[in-house]
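Take a look at the letters that make up each chain.
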Amino acid sequence: ASNYDTSLEQWKKKAEKIELNETQKQEIKEAFDLFDVNGSGTIQVKELKSEQDEKEEILKAFKLFDDDNTGSITLNNIKRVAKELGENLTDNELQEMLSEADFDGDGAINEEEFLRIMKKTTLY
């Protein structure tokens, strides 16, 4: 046997001696799950390249707001989401949020504006 084989065996023995406690196991699983986006139990290369996924995730959030499928988020959409989340915000506060993201001033937030505001915030 070459030195490589011996050192590999020694390494395996050392690795077997490392006992992880339940907290450590849970932390490793949580970290794994973050990358295992589709819950398949394996991490695919595309799941590691989160740049494209980031846009997809943001657009999923957009669709949650745009529940009437108009292609834009209106004040009513924001009101509904705020209510569902239990946020007690006034119409003025909600209108301010809408206006901040409404770059073209049409009174609604389209996908492009939503992507822009989400990338500006630290949420993504």
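Relevant structure appears above.
Nothing here was measured: the structure is a model prediction, and the numbers come from that model.

So, how was this worked out
Residues numbered from 1 in each chain as written. Predicted model: local features only at pLDDT ≥ 70, side-chain atom pairs only at ≥ 80, totals over all residues. Heavy atoms only, no water. Salt bridge = Lys/Arg side-chain N within 4 Å of Asp/Glu carboxyl O. Helix = DSSP H or I, 4+ residues; strand = E, 2+ residues; numbered from the N terminus. Buried < 20%, exposed > 50% of the residue type's maximum accessible area, 1.4 Å probe, protein only. Lys, Arg positive; Asp, Glu negative; His and termini not counted. Polar contact = N/O pair within 3.5 Å; in protein donor to acceptor, adjacent residues only side chain to side chain. Contact = heavy atoms within 4.5 Å. 1 Å grid on protein atoms, 1.4 Å probe; cavity = no way out; pocket = protein on both sides within 12 Å on 5 of 7 lines; lining within 4 Å. Points joined across faces, edges and corners; volume = space filled by probe spheres on them. Nonpolar A, V, L, I, M, F, W, Y, C, P; charged D, E, K, R; others polar. Phe/Tyr/Trp six-rings, centres within 6.5 Å; stacked < 30°, edge-to-face > 60°. Lys NZ or Arg CZ within 6 Å of the ring centre and 35° of its normal.

Participant: Just checking my understanding: could you explain the pattern of salt bridges for this structure?
Facilitator: If the charged atoms of two oppositely charged side chains come close together, the side chains can form a pair. The full count for this structure, using the stated rule, is seven salt bridges. Among the ionic pairs, E111 bridges to K63, the shortest N-O distance being 3.9 Å. Of the two residues, E111 sits in helix α7 (residues 111-120) while K63 sits in helix α4 (residues 50-65), which places them 48 residues apart along the sequence. Between R80 and D67 there is a salt bridge, with the nearest N and O atoms lying 2.9 Å from each other. Of this pair, R80 sits in helix α5 (residues 75-84) while D67 is found in the loop between α4 and β1 (72-73), placing the two residues 13 residues apart along the sequence. Among the residues examined, D67 registers a relative accessible area of 43% and is labelled partly exposed. Each of D67, R80 and E84 takes part in a single network of salt bridges with overlapping partners.

Participant: What is the right way to read the side chain of D66 from this model?
Facilitator: Considering the arrangement of structural elements, one finds D66 in the loop between α4 and β1. This buried residue, D66, is left without a salt bridge; K63 holds the nearest opposite charge, at 7.2 Å. Of the polar contacts made by the side chain of D66, one reaches the backbone nitrogen of T70; its length is 2.9 Å. Setting aside anything within four residues of it in sequence, one finds D66 in contact with G71, S72, I73 and N77.

Participant: When you look at the layout of surface pockets in this model, what are you seeing that I'm missing?
Facilitator: Over the atoms rolls a probe the size of a water molecule, and its path tells where empty space is left. Here the largest pocket is characterised by a volume of approximately 470 Å³. Among the elements of the structure, α5, α6 (91-101) and α7 are those that each provide at least two residues to the lining of the largest pocket. Here the element with the most residues in the lining of the largest pocket is α6; it accounts for four residues. Of the residues in the lining of the largest pocket, the class split is 15 nonpolar, one polar and two charged.

Participant: Just to check I follow, could you spell out the packing of aromatic side chains for this structure?
Facilitator: Here the distance between the centres and the angle between the planes together describe a pair of aromatic rings. Summed over the entire model, instances satisfying the criterion amount to two aromatic pairs. Centroid distance F62 to F114: 5.4 Å. Interplanar angle 65°. Geometry classified as edge-to-face. Here F114 lies in helix α7 and F62 lies in helix α4, a separation of 52 residues in the sequence. The same class applies to F62 and to F114, which are both buried. The side chain of R116 reaches across the aromatic face of F103, ending 4.1 Å from its centre.

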